[in-house]
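Here's the letter readout for the chains.
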Amino acid sequence: MTALRRHGLGLVAWLAGIVFFLPIAWMALTSFHSEQDAATNPPSFGAALTLDGYREFFGVGGGASPWPALINSAVASVVSTLFVLLLALPAAYALSIRPVRKWTDVLFFFLSTKMLPAVAGLLPIYLFAKHTGTLDDIWLLVVLYTAMNLPIAVWMMQSFLAEVPVAVIEAARVDGARLPTILARVVAPIALPGIAATALICFIFSWNELLFARVLTGVVAETAPVFLTGFITSQGLFLAKVCAASLVISLPVLAAGFAAQDKLVQGLSLGAVK
(Lines give C-alpha, C1' and ligand atoms only; values in the text may rest on other atoms or scores of the structure.)
Protein backbone atom coordinates (compact mmCIF):
# COMPACT_ATOMS: atom_id res chain seq x y z
CA MET A 1 0.00 0.00 0.00
CA THR A 2 1.46 3.32 -1.04
CA ALA A 3 1.88 6.20 1.39
CA LEU A 4 -0.65 8.33 -0.53
CA ARG A 5 -3.31 5.64 -0.35
CA ARG A 6 -2.59 5.04 3.33
CA HIS A 7 -2.95 8.74 4.13
CA GLY A 8 -6.11 8.89 2.03
CA LEU A 9 -7.69 6.02 3.96
CA GLY A 10 -6.68 7.69 7.21
CA LEU A 11 -8.33 10.93 6.11
CA VAL A 12 -11.53 9.09 5.17
CA ALA A 13 -11.54 7.36 8.56
CA TRP A 14 -11.16 10.69 10.34
CA LEU A 15 -13.96 12.26 8.29
CA ALA A 16 -16.26 9.31 9.04
CA GLY A 17 -15.43 9.60 12.75
CA ILE A 18 -16.22 13.32 12.74
CA VAL A 19 -19.53 12.72 10.93
CA PHE A 20 -20.58 10.16 13.54
CA PHE A 21 -19.38 12.36 16.42
CA LEU A 22 -21.08 15.59 15.31
CA PRO A 23 -24.64 14.61 16.42
CA ILE A 24 -23.32 13.69 19.88
CA ALA A 25 -21.38 16.95 20.13
CA TRP A 26 -24.46 18.89 19.02
CA MET A 27 -26.59 17.11 21.62
CA ALA A 28 -24.04 17.84 24.34
CA LEU A 29 -23.86 21.54 23.38
CA THR A 30 -27.66 21.84 23.23
CA SER A 31 -27.99 20.31 26.69
CA PHE A 32 -26.12 23.32 28.13
CA HIS A 33 -28.42 25.87 26.49
CA SER A 34 -31.66 27.30 27.78
CA GLU A 35 -34.90 26.09 26.20
CA GLN A 36 -35.29 29.35 24.34
CA ASP A 37 -31.80 29.18 22.84
CA ALA A 38 -32.12 25.46 22.08
CA ALA A 39 -35.32 26.05 20.10
CA THR A 40 -33.84 28.68 17.78
CA ASN A 41 -33.54 27.86 14.09
CA PRO A 42 -30.79 27.96 12.95
CA PRO A 43 -29.20 26.90 16.24
CA SER A 44 -27.38 29.49 18.30
CA PHE A 45 -23.92 28.07 18.89
CA GLY A 46 -22.73 31.15 20.81
CA ALA A 47 -25.62 31.21 23.27
CA ALA A 48 -25.00 31.41 26.99
CA LEU A 49 -24.41 28.09 28.74
CA THR A 50 -26.51 26.91 31.65
CA LEU A 51 -27.10 23.77 33.73
CA ASP A 52 -30.87 24.21 33.90
CA GLY A 53 -31.49 21.15 31.72
CA TYR A 54 -29.48 18.92 34.04
CA ARG A 55 -31.12 20.41 37.14
CA GLU A 56 -34.55 19.62 35.74
CA PHE A 57 -33.47 16.13 34.75
CA PHE A 58 -32.24 15.33 38.26
CA GLY A 59 -35.40 16.79 39.80
CA VAL A 60 -33.73 19.71 41.56
CA GLY A 61 -36.79 21.89 40.97
CA GLY A 62 -39.17 19.32 42.43
CA GLY A 63 -39.56 17.02 39.43
CA ALA A 64 -39.32 13.24 39.36
CA SER A 65 -35.95 11.77 40.30
CA PRO A 66 -34.23 9.70 37.59
CA TRP A 67 -32.29 7.52 40.05
CA PRO A 68 -34.89 4.72 40.41
CA ALA A 69 -35.08 4.38 36.61
CA LEU A 70 -31.28 4.42 36.26
CA ILE A 71 -30.93 1.78 38.98
CA ASN A 72 -33.57 -0.39 37.31
CA SER A 73 -31.74 -0.16 33.98
CA ALA A 74 -28.45 -1.04 35.66
CA VAL A 75 -29.95 -4.06 37.44
CA ALA A 76 -31.73 -5.35 34.32
CA SER A 77 -28.69 -4.84 32.08
CA VAL A 78 -25.96 -6.16 34.39
CA VAL A 79 -27.86 -9.16 35.78
CA SER A 80 -29.19 -10.24 32.37
CA THR A 81 -25.69 -9.93 30.88
CA LEU A 82 -24.28 -12.16 33.64
CA PHE A 83 -26.99 -14.74 33.01
CA VAL A 84 -26.31 -14.61 29.27
CA LEU A 85 -22.59 -15.25 29.79
CA LEU A 86 -23.25 -18.14 32.18
CA LEU A 87 -25.56 -19.80 29.63
CA ALA A 88 -23.71 -18.88 26.44
CA LEU A 89 -20.26 -20.10 27.51
CA PRO A 90 -21.12 -23.82 27.86
CA ALA A 91 -23.37 -23.64 24.78
CA ALA A 92 -20.59 -22.10 22.69
CA TYR A 93 -18.16 -24.69 24.09
CA ALA A 94 -20.44 -27.48 22.87
CA LEU A 95 -20.75 -25.88 19.44
CA SER A 96 -17.07 -25.12 18.88
CA ILE A 97 -14.57 -27.07 20.97
CA ARG A 98 -16.76 -30.17 21.41
CA PRO A 99 -19.09 -29.74 18.43
CA VAL A 100 -22.39 -31.57 18.35
CA ARG A 101 -23.88 -33.05 15.18
CA LYS A 102 -25.16 -30.48 12.70
CA TRP A 103 -23.84 -27.66 14.85
CA THR A 104 -24.24 -25.18 11.98
CA ASP A 105 -27.99 -25.88 11.96
CA VAL A 106 -28.07 -25.22 15.70
CA LEU A 107 -26.32 -21.89 15.22
CA PHE A 108 -28.73 -20.94 12.45
CA PHE A 109 -31.67 -21.79 14.70
CA PHE A 110 -30.26 -19.53 17.43
CA LEU A 111 -29.83 -16.69 14.96
CA SER A 112 -33.27 -17.24 13.39
CA THR A 113 -34.91 -16.43 16.72
CA LYS A 114 -33.66 -12.85 16.29
CA MET A 115 -35.57 -12.56 13.00
CA LEU A 116 -38.95 -12.46 14.77
CA PRO A 117 -40.12 -8.84 15.09
CA ALA A 118 -40.16 -7.89 18.75
CA VAL A 119 -43.64 -6.42 18.46
CA ALA A 120 -44.98 -9.82 17.32
CA GLY A 121 -44.18 -11.33 20.70
CA LEU A 122 -45.28 -8.33 22.72
CA LEU A 123 -48.95 -9.29 23.23
CA PRO A 124 -48.32 -12.93 24.32
CA ILE A 125 -45.64 -11.78 26.75
CA TYR A 126 -47.91 -9.06 28.11
CA LEU A 127 -50.75 -11.54 28.67
CA PHE A 128 -48.36 -13.98 30.35
CA ALA A 129 -47.02 -11.25 32.63
CA LYS A 130 -50.55 -10.10 33.46
CA HIS A 131 -51.76 -13.58 34.44
CA THR A 132 -48.62 -14.36 36.45
CA GLY A 133 -48.59 -11.03 38.27
CA THR A 134 -45.16 -9.99 36.97
CA LEU A 135 -46.15 -6.72 35.31
CA ASP A 136 -44.01 -3.81 36.48
CA ASP A 137 -41.43 -6.28 37.80
CA ILE A 138 -37.76 -5.72 37.03
CA TRP A 139 -37.05 -9.47 37.11
CA LEU A 140 -39.41 -9.99 34.18
CA LEU A 141 -37.18 -7.65 32.17
CA VAL A 142 -34.11 -9.58 33.35
CA VAL A 143 -35.58 -12.83 31.99
CA LEU A 144 -36.66 -11.18 28.74
CA TYR A 145 -33.30 -9.50 28.14
CA THR A 146 -31.50 -12.77 28.88
CA ALA A 147 -33.65 -14.62 26.33
CA MET A 148 -33.30 -11.84 23.75
CA ASN A 149 -29.51 -11.58 23.97
CA LEU A 150 -28.66 -15.26 24.41
CA PRO A 151 -28.82 -16.21 20.67
CA ILE A 152 -26.45 -13.47 19.53
CA ALA A 153 -24.15 -14.21 22.49
CA VAL A 154 -23.93 -17.90 21.59
CA TRP A 155 -23.26 -17.00 17.95
CA MET A 156 -20.46 -14.59 18.87
CA MET A 157 -18.82 -16.75 21.51
CA GLN A 158 -18.84 -19.80 19.27
CA SER A 159 -16.46 -18.04 16.90
CA PHE A 160 -14.32 -16.84 19.80
CA LEU A 161 -14.05 -20.25 21.46
CA ALA A 162 -13.20 -21.88 18.13
CA GLU A 163 -9.81 -20.13 18.43
CA VAL A 164 -8.99 -21.76 21.79
CA PRO A 165 -6.25 -24.40 21.32
CA VAL A 166 -7.68 -27.87 21.81
CA ALA A 167 -4.33 -29.11 23.12
CA VAL A 168 -4.64 -26.88 26.20
CA ILE A 169 -8.06 -28.30 26.98
CA GLU A 170 -6.85 -31.86 26.47
CA ALA A 171 -3.94 -31.21 28.82
CA ALA A 172 -6.32 -29.93 31.49
CA ARG A 173 -8.54 -32.98 31.01
CA VAL A 174 -5.54 -35.30 31.40
CA ASP A 175 -4.70 -33.53 34.67
CA GLY A 176 -8.16 -34.45 35.96
CA ALA A 177 -9.99 -31.15 35.43
CA ARG A 178 -13.75 -31.44 34.97
CA LEU A 179 -15.86 -29.39 32.58
CA PRO A 180 -16.74 -26.54 35.02
CA THR A 181 -13.06 -26.18 35.92
CA ILE A 182 -12.03 -26.23 32.26
CA LEU A 183 -14.58 -23.55 31.39
CA ALA A 184 -13.67 -21.30 34.33
CA ARG A 185 -9.88 -21.69 34.46
CA VAL A 186 -8.84 -22.62 30.93
CA VAL A 187 -11.36 -21.52 28.33
CA ALA A 188 -12.57 -18.28 29.95
CA PRO A 189 -9.11 -16.68 30.45
CA ILE A 190 -8.03 -17.48 26.88
CA ALA A 191 -11.30 -16.21 25.37
CA LEU A 192 -11.56 -13.22 27.73
CA PRO A 193 -11.45 -10.57 24.95
CA GLY A 194 -14.29 -12.31 23.14
CA ILE A 195 -16.28 -12.69 26.36
CA ALA A 196 -15.77 -8.99 27.11
CA ALA A 197 -16.95 -8.02 23.62
CA THR A 198 -20.04 -10.22 23.98
CA ALA A 199 -20.80 -8.82 27.43
CA LEU A 200 -20.50 -5.24 26.21
CA ILE A 201 -22.85 -5.80 23.28
CA CYS A 202 -25.42 -7.56 25.48
CA PHE A 203 -25.19 -4.75 28.02
CA ILE A 204 -25.77 -2.13 25.34
CA PHE A 205 -28.74 -4.01 23.87
CA SER A 206 -30.31 -4.37 27.33
CA TRP A 207 -29.66 -0.78 28.39
CA ASN A 208 -31.14 0.65 25.17
CA GLU A 209 -34.23 -1.60 25.00
CA LEU A 210 -37.44 0.44 25.06
CA LEU A 211 -40.39 -1.47 23.58
CA PHE A 212 -40.84 -4.18 26.22
CA ALA A 213 -39.84 -1.86 29.06
CA ARG A 214 -42.41 0.71 27.92
CA VAL A 215 -45.27 -1.79 27.80
CA LEU A 216 -44.42 -4.12 30.68
CA THR A 217 -43.35 -1.61 33.31
CA GLY A 218 -45.12 1.23 35.08
CA VAL A 219 -43.66 3.02 38.08
CA VAL A 220 -41.72 0.44 40.11
CA ALA A 221 -39.69 -1.15 37.28
CA GLU A 222 -39.45 1.87 34.97
CA THR A 223 -36.11 1.94 33.12
CA ALA A 224 -34.04 4.89 31.96
CA PRO A 225 -35.25 4.88 28.30
CA VAL A 226 -38.86 4.83 29.52
CA PHE A 227 -38.10 7.69 31.91
CA LEU A 228 -36.61 9.62 29.00
CA THR A 229 -39.83 9.36 26.96
CA GLY A 230 -41.62 11.16 29.79
CA PHE A 231 -39.93 14.40 28.76
CA ILE A 232 -41.95 14.44 25.53
CA THR A 233 -45.34 15.73 26.64
CA SER A 234 -48.42 17.27 25.07
CA GLN A 235 -47.05 20.66 26.12
CA GLY A 236 -44.23 20.34 23.61
CA LEU A 237 -40.70 19.03 23.21
CA PHE A 238 -38.26 20.49 25.74
CA LEU A 239 -35.15 20.12 23.62
CA ALA A 240 -32.50 21.20 26.12
CA LYS A 241 -33.88 18.98 28.86
CA VAL A 242 -34.22 16.02 26.49
CA CYS A 243 -30.62 16.46 25.31
CA ALA A 244 -29.39 16.63 28.92
CA ALA A 245 -31.34 13.49 29.82
CA SER A 246 -30.15 11.67 26.69
CA LEU A 247 -26.53 12.51 27.43
CA VAL A 248 -26.73 11.34 31.04
CA ILE A 249 -28.50 8.10 30.09
CA SER A 250 -25.92 7.46 27.35
CA LEU A 251 -22.95 7.92 29.68
CA PRO A 252 -22.95 4.37 31.16
CA VAL A 253 -22.85 2.84 27.68
CA LEU A 254 -20.17 5.27 26.50
CA ALA A 255 -18.12 4.67 29.65
CA ALA A 256 -18.40 0.88 29.32
CA GLY A 257 -17.42 1.04 25.67
CA PHE A 258 -14.44 3.29 26.39
CA ALA A 259 -13.24 1.13 29.29
CA ALA A 260 -13.55 -2.09 27.30
CA GLN A 261 -12.45 -0.79 23.91
CA ASP A 262 -9.21 -2.81 23.92
CA LYS A 263 -11.04 -6.04 24.80
CA LEU A 264 -13.75 -5.21 22.28
CA VAL A 265 -11.29 -4.77 19.42
CA GLN A 266 -9.35 -7.89 20.40
CA GLY A 267 -12.52 -9.91 20.79
CA LEU A 268 -14.07 -8.90 17.49
CA SER A 269 -10.75 -9.47 15.72
CA LEU A 270 -10.40 -12.88 17.39
CA GLY A 271 -13.79 -13.94 16.11
CA ALA A 272 -13.17 -12.62 12.61
CA VAL A 273 -9.69 -13.89 11.86
CA LYS A 274 -9.41 -17.57 11.09
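Residues numbered from 1 in each chain as written. Predicted model: local features only at pLDDT ≥ 70, side-chain atom pairs only at ≥ 80, totals over all residues. Heavy atoms only, no water.

Draft legend 1. Quick look at the environment of Pro180. Position of Pro180 among the secondary structure elements: in helix α9 (residues 179-190). The exposure class of Pro180 is exposed, given its relative accessible area of 59%. Distance from Pro180 to Pro90, taken between C-alpha atoms, is 8.8 Å for residues 90 residues apart in sequence. (Helix = DSSP H or I, 4+ residues; strand = E, 2+ residues; numbered from the N terminus. Buried < 20%, exposed > 50% of the residue type's maximum accessible area, 1.4 Å probe, protein only.)

Draft legend 2. Representation of the UniProt feature "transmembrane region" (unreviewed entry) in the protein chain. As annotated by UniProt and renumbered to match this structure, "transmembrane region" (unreviewed entry) occupies residues 12-29, 74-95, 107-126, 138-161, 182-206, 212-231 and 238-260. Here residues 238-260 runs as 91% helix and 0% strand, with 34 Å between its end C-alpha atoms. (UniProt positions renumbered as here; feature names shortened; annotations may be inferred.)

Draft legend 3. How the structure looks around the pattern of salt bridges. Under the counting rule described, the total for this entry stands at three salt bridges. Two residues, Glu56 and Lys241, come together in a salt bridge whose shortest N-O distance is 3.4 Å. A residue pair is termed long-range when its members are at least 10 positions apart, and Glu56 in helix α3 (residues 52-57) and Lys241 in helix α13 (residues 239-259) qualify at 185 residues. Its relative accessible area of 40% is what places Glu56 among the partly exposed residues. The class for Lys241 is buried, based on a relative accessible area of 14%. One salt bridge connects Arg173 with Glu170, and the closest N-O pair in it is separated by 3.2 Å. Taken as a pair, Arg173 and Glu170 lie in helix α8 (residues 166-174) at a separation of three residues, close to a single helical turn. Of the residues examined, Glu170 reaches a relative accessible area of 31% and is grouped as partly exposed. (Salt bridge = Lys/Arg side-chain N within 4 Å of Asp/Glu carboxyl O.)

Draft legend 4. Representation of unusual backbone geometry within the structure. Backbone geometry at Asp136 places phi at a positive 60°, although glycine is not the residue there. By the element assignment, Asp136 lies in the loop between α6 (122-132) and α7 (138-161).

Draft legend 5. How the structure looks around the domain arrangement of the protein chain. Along its sequence, the protein chain is carved into domain 1 (3-57) and domain 2 (67-268). Facing 12 residues of domain 1, the contacting portion of domain 2 comprises 13 residues. Across the contact surface, domain 1 and domain 2 share one salt bridge. One can count four residue pairs in polar contact (both at pLDDT 80 or more) joining domain 1 with domain 2. For the side of domain 1 that touches domain 2, the elements supplying multiple residues, two or more each, are α1 (3-31), α2 (35-38) and α3. For the side of domain 1 that touches domain 2, the class distribution of residues is five nonpolar, five polar and two charged. (Domains from an automatic or database assignment. Contact = heavy atoms within 4.5 Å. Polar contact = N/O pair within 3.5 Å; in protein donor to acceptor, adjacent residues only side chain to side chain. Nonpolar A, V, L, I, M, F, W, Y, C, P; charged D, E, K, R; others polar.)

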